[in-house]
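One-letter residues, chain by chain:
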Amino acid sequence: MAVKVYGAATSTATVRVLLCLEEMGAEYELVPIDFFTGEHKSPPHLARNPFGQMPAFEDGDLILFESRAISRYVLRKYKSSGPDLLRDGSLEESAMVDVWLEVEAQQYDKAISSIYIETVIKPVFFGGVTDEKVVAESVEKLGKVLDVYEARLSKSKYLAGDFLSFADLSHIPYTQHIIASPHASLFESRLHVKAWWESLASRPAYKKVTAGVPTSK
Amino acid sequence: MGSVTVYGPPISTAVSRVLACLLEKDVDFKLVNVDMAKGQHKSPDYLKLQPFGQVPAFQDEHATLFESRAICRYICDKYADRGNKNLLGRNGAGPAERAQVEQWLEAESQSFNPPSSALVFQLAFAPRMGLPQDPAAVELNQAKLAKVLDVYERRLGESRFLARDEFSLADLAHLPNAHYICSAGKDDMFASRKNVARWWEEISTRLSWKKVVDMYSAPPA
């Protein structure tokens, strides 16, 4: 039976889950949740995601929320049919995957999401005005984070080691939008970060999922 | 068993998250203080352990790690047979149970942590550091945290702990920030919600957490 993802291509967290499903060749159905009609706050969706956010996920009786938790579940469920992106079989490798997943969630995400929220979400979804001061601060923060990434990626091909992992893929949803913006220079000016991004963006799963994602370009 | 070293001051919320996990798992460790007032966390030697210059860092004979929630996961995996064996769900219980714990661990990280961290800074650390409090930031983050606690109130009416009927890493992850918020006089946020109050009472009185709080007032090593 196909699993279901309740969300939208415009939701970066939904994209995270879709990337994992595509990488593992899983059969799934994307059930669209309409942000503009407030469907994500409707009782049926709140029953799946009590925080009223996207995505939610359904596998038979199991309902999950939080994209990184859903993604881990997906990567384990379909482990035999795709790449080993969690490295559960190795204590040290899985630890490095977890470290860089937390870095993505705690350091990277906070800086890059602010840029996306101010320059796209606010004006397009809320009819608001971009706060350029917040953008400038976030760009500076992201630059500092990317300096650490540049140093890391000069020592290993991917973030957790010389192997691709979910830690790398988890960066795709927001980065996709920033790469399509004038702030792409943050990535293009750092040699190893640039190569790392190009490697991720060349993957078939990336191309398939992001083809359905509107960017500001 | 190899030697575990944790770097950082115990009063740091992220450091104490790791200490709580080690104590739950009955894993011995050495705690090495990092003097943040003197900028030791930004020293070249420390940056080799933690390239973002934050605490904690963690070392054992196999790995050098950072990010408290990643360290906790490693401790649960590496010491699967020690102490509390069910922090990531029961062994052999299947992927759904683990996924439930992961889900609420992410909820702590994504929904609870941002507003509660901001409140911890404003209410507990700014005064300690002689920095002015920002009443607007307190009000904003209190309102955000209230919404999260409303979700928790409903959830904890269905389940004894967040992920399942037994204490898990998802509950543990909340201990440091919630402790500081309650100690700083905002305990009404927890006490006024019947199920949240019950849950907080249960998790904050665990022996492992009491030992961590004792370390807050111990003289630095």
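Residues numbered from 1 in each chain as written. Chains lettered and ligands numbered in written order. Predicted model: local features only at pLDDT ≥ 70, side-chain atom pairs only at ≥ 80, totals over all residues. Heavy atoms only, no water.

## Describing the overall build of chain B
Step number 1: The number of helices and strands found in chain B is 10 helices and four strands.
Step number 2: Along chain B, from the amino end to the carboxyl end, the secondary structure elements read β-α-β-α-β-β-α-α-α-α-α-α-α-α.
Step number 3: What you see for chain B is a C-alpha radius of gyration of 17 Å, in line with the 17 Å of a compact globule of 221 residues.
Step number 4: Overall, chain B is about 50 × 45 × 25 Å in size when its C-alpha atoms are taken along their principal axes.
Step number 5: Across the 221 residues that make up chain B, the buried fraction comes to 56%.
Step number 6: Counted over contacts in chain B with a minimum sequence separation of 6, partners at least 24 positions apart contribute 67%.
Step number 7: When the accessible surface of chain B is totalled, it reaches about 9400 Å², and 52% of it is carbon and sulfur.
Step number 8: Across chain B, the 27 positively charged side chains and the 27 negatively charged ones have centroids separated by 0 Å. (Helix = DSSP H or I, 4+ residues; strand = E, 2+ residues; numbered from the N terminus. Rg over C-alpha atoms; globule rule 2.2 N^0.38 Å. Buried < 20%, exposed > 50% of the residue type's maximum accessible area, 1.4 Å probe, protein only. Contact = heavy atoms within 4.5 Å. Areas by Shrake-Rupley, 256 points an atom, 1.4 Å probe, with all protein chains shown as cover. Lys, Arg positive; Asp, Glu negative; His and termini not counted. Charge placed at Lys NZ, Arg CZ, Asp CG, Glu CD.)

## Focus: the nonpolar core
Step number 1: Residues Trp100 and Tyr149 of chain A together with Tyr152, Phe190 and Trp199 of chain B are the most contacted members of the largest nonpolar core, which totals 136 residues.
Step number 2: A total of 15 residues in this core trace back to one element, the largest contributor, which is helix α4 (residues 91–126) of chain A.
Step number 3: There are two domains that each give this core at least three residues, and those are domain 1 (5–85) and domain 2 (95–207) of chain B.
Step number 4: Apart from the residues lying within four places of it in its own chain, the contact partners of Trp199 of chain B are Tyr152, Leu156, Arg160, Phe161, Leu162, Asp171, His174 and Phe190 of chain B.
Step number 5: Formed by six residues, the second largest nonpolar core is a distinct cluster that contains Tyr6, Val31, Ile33 and Ala56 of chain A. (Core = buried A, V, L, I, M, F, W, Y, C linked by side-chain atoms within 4.5 Å. Domains from an automatic or database assignment.)

## Quick notes on helix α9 (residues 191–201) of chain A
Residues and elements named next belong to chain A.
Step number 1: Buried within α9 we find Val193, Trp196, Trp197, Leu200 and Ala201. The buried side chains of α9 occupy one side of the element, clustering within an arc of 130 degrees when seen end-on.
Step number 2: Looking at the packing, one finds that the buried side of α9 touches α5 (132–153), α6 (166–169), α7 (172–179), α8 (185–188) and α10 (204–211). (Arc of directions from axis to C-beta.)

## A short note on the pairing of strand β1 (residues 3–7) of chain A
Residues and elements named next belong to chain A.
Step number 1: In terms of burial, β1 is largely enclosed, as four of its five residues are buried.
Step number 2: Strand direction decides the pairing type here: β1 and strand β2 (residues 28–32), joined by five bridges, are parallel. Bridge pairing in β2 links Tyr6 to Val31.
Step number 3: Between β1 and its parallel partner β2, the chain crosses via helix α1 (residues 12–23), and the hand of that crossover is right-handed.
Step number 4: Note that β1 and strand β3 (residues 56–59) share three bridges and pair antiparallel. Bridge pairing in β3 places Val5 opposite Phe57. (Pairing = 2+ DSSP bridges. Right-handed = clockwise from strand over helix to strand, strands pointing away.)

## Digging into the confidence of the model for chain B
Step number 1: Summarising the model, chain B shows a mean pLDDT of 96, and 98% of its residues fall at 70 or more.
Step number 2: As a predicted assembly, this complex carries a pTM of 0.96 together with an ipTM value of 0.96. (pLDDT = per-residue confidence, 0-100.)

## Remarks on the packing of α5 of chain A against α9 of chain A
Relative orientation and spacing of two packed helices are given, respectively, by the angle between their axes and the distance between those axes.
Residue and element names in this part refer to chain A.
Step number 1: At a minimum axis separation of 7 Å, α5 and α9 run at an interaxial angle of 80 degrees. By the angle class used here, α5 and α9 are roughly perpendicular. Only Leu191, His192, Val193 and Trp196 of α9 make contact with α5, whose side of the interface consists of Leu146, Tyr149, Glu150 and Leu153.
Step number 2: Residues of the contact of α5 with α9, tallied by class, amount to six nonpolar, one polar and one charged. (Axes fitted to C-alpha atoms, helices over the stretch in contact; angles between N-to-C directions. Parallel < 35°, antiparallel > 145°, perpendicular 65-115°, else oblique. Nonpolar A, V, L, I, M, F, W, Y, C, P; charged D, E, K, R; others polar.)

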